[in-house]
Amino acid sequence: MDHRLSNRFLRLAVLFALIGMGLGYWMGATEQFTASPVHAHINLLGWVSMALYGLFYRVQPSAALGWLPQTHFWVALIGLLIFMPALAAKLLGGAGMQAAANLGLMVGPTLTLLSMILFVVIVFRATGSRAALA
Ligand code: HEM
């Protein structure tokens, strides 16, 4: 049984949980809440979504086979790695950072949405009537 993709998602998820909760802890300690949306998205896209992806591939290892799940992993990861710094730059950066932030806020969320579209295809493929009979 190949659990490599599931393991990668689960390892990423706990790292994002640590970063997201660490940011929340810092926000609470300093009473600086400007970065709240970054905190919320790291926790929900990085921790919760990645953990769900990892758990899905764990219970359905056959769904992790082939190029599509690998593409799903990289698109989800790269999307979030562009999205979060861009959102932070938008909220916390000066005027000079806004152009780069706006570009990142076009590319990052598009990749993140694309990763969910890929996951929809993967889940439907793995849970369709043909898969249920196999
Ligand atoms: C150590 C753990 C955590 C700490 C210390 C923490 C702390 C905080 C703080 C200080 C805020 C801002 C509250 C305000 O604006 O008045 C916040 C907002 C929020 N947190 Fe957390 N949090 C933690 C974990 C999580 C987790 C695990 C999730 C989701 C899975 C989460 C989701 C959110 C959301 C959705 C908001 C609202 C963001 C917004 O209004 O823009 N947090 N958190």
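Residues numbered from 1 in each chain as written. Predicted model: local features only at pLDDT ≥ 70, side-chain atom pairs only at ≥ 80, totals over all residues. Heavy atoms only, no water.

Caption draft 1: Seen up close, the overall build of the chain. If you tally the helices and strands in the chain, you get five helices and zero strands. In terms of its C-alpha atoms, the chain occupies a principal-axis envelope of roughly 55 × 30 × 20 Å. When contacts within the chain are restricted to residue pairs at least 6 apart in sequence, those whose partners lie at least 24 apart make up 73%. Just so you have it, the chain exposes about 7,900 Å², and 73% of that area is on carbon and sulfur atoms. (Helix = DSSP H or I, 4+ residues; strand = E, 2+ residues; numbered from the N terminus. Contact = heavy atoms within 4.5 Å. Areas by Shrake-Rupley, 256 points an atom, 1.4 Å probe, with all protein chains shown as cover.)

Caption draft 2: How the structure looks around the coordination of the iron atom of the ligand. Exactly one protein atom donates to the iron atom of the ligand; that atom is His39 (NE2), 1.9 Å from the metal. Locating His39 in the fold gives a position in helix 2 (residues 36–59). (Donors = N, O, S within 2.8 Å, 3.2 Å for Na, K, Ca; no water.)

Caption draft 3: Region of the structure containing the packing of helix 1 (residues 4–30) against helix 3 (residues 67–92). It is the contact of helix 1 with helix 3, at a shortest axis distance of 11 Å, that shows an interaxial angle of 15°. Taken together, the axis directions place helix 1 and helix 3 in an arrangement best described as roughly parallel. For the crossing formed where helix 1 meets helix 3, the hand is left-handed. Across the interface between the two elements, Leu5, Arg8, Phe9, Leu12 and Phe16 of helix 1 pack against Pro69, Gln70, His72, Phe73, Trp74, Leu77, Leu80 and Leu81 of helix 3. Among the residues forming the contact of helix 1 with helix 3, the class breakdown is ten nonpolar, two polar and one charged. (Axes fitted to C-alpha atoms, helices over the stretch in contact; angles between N-to-C directions. Parallel < 35°, antiparallel > 145°, perpendicular 65-115°, else oblique. Left-handed = near helix turned anticlockwise from the far one by under 90°. Nonpolar A, V, L, I, M, F, W, Y, C, P; charged D, E, K, R; others polar.)

Caption draft 4: Molecular detail of a nonpolar patch on the surface. Among the surface-exposed residues, Val14, Leu15, Met21, Leu44, Trp47, Val48, Leu52 and Leu55 lie close enough to one another that they form a single nonpolar patch of about 750 Å² accessible area. The greatest single-element share of the nonpolar patch, amounting to five residues, is contributed by helix 2. Among the secondary structure elements, Trp47 is positioned in helix 2. Classification of Trp47 as partly exposed rests on a relative accessible area of 31%. (Patch = residues over 30% accessible without salt bridge, like charges linked within 9 Å, V, L, I, M, F, W, Y side chains within 5 Å. Salt bridge = Lys/Arg side-chain N within 4 Å of Asp/Glu carboxyl O. Buried < 20%, exposed > 50% of the residue type's maximum accessible area, 1.4 Å probe, protein only.)

None of this, on its own, says anything about what the molecule does.
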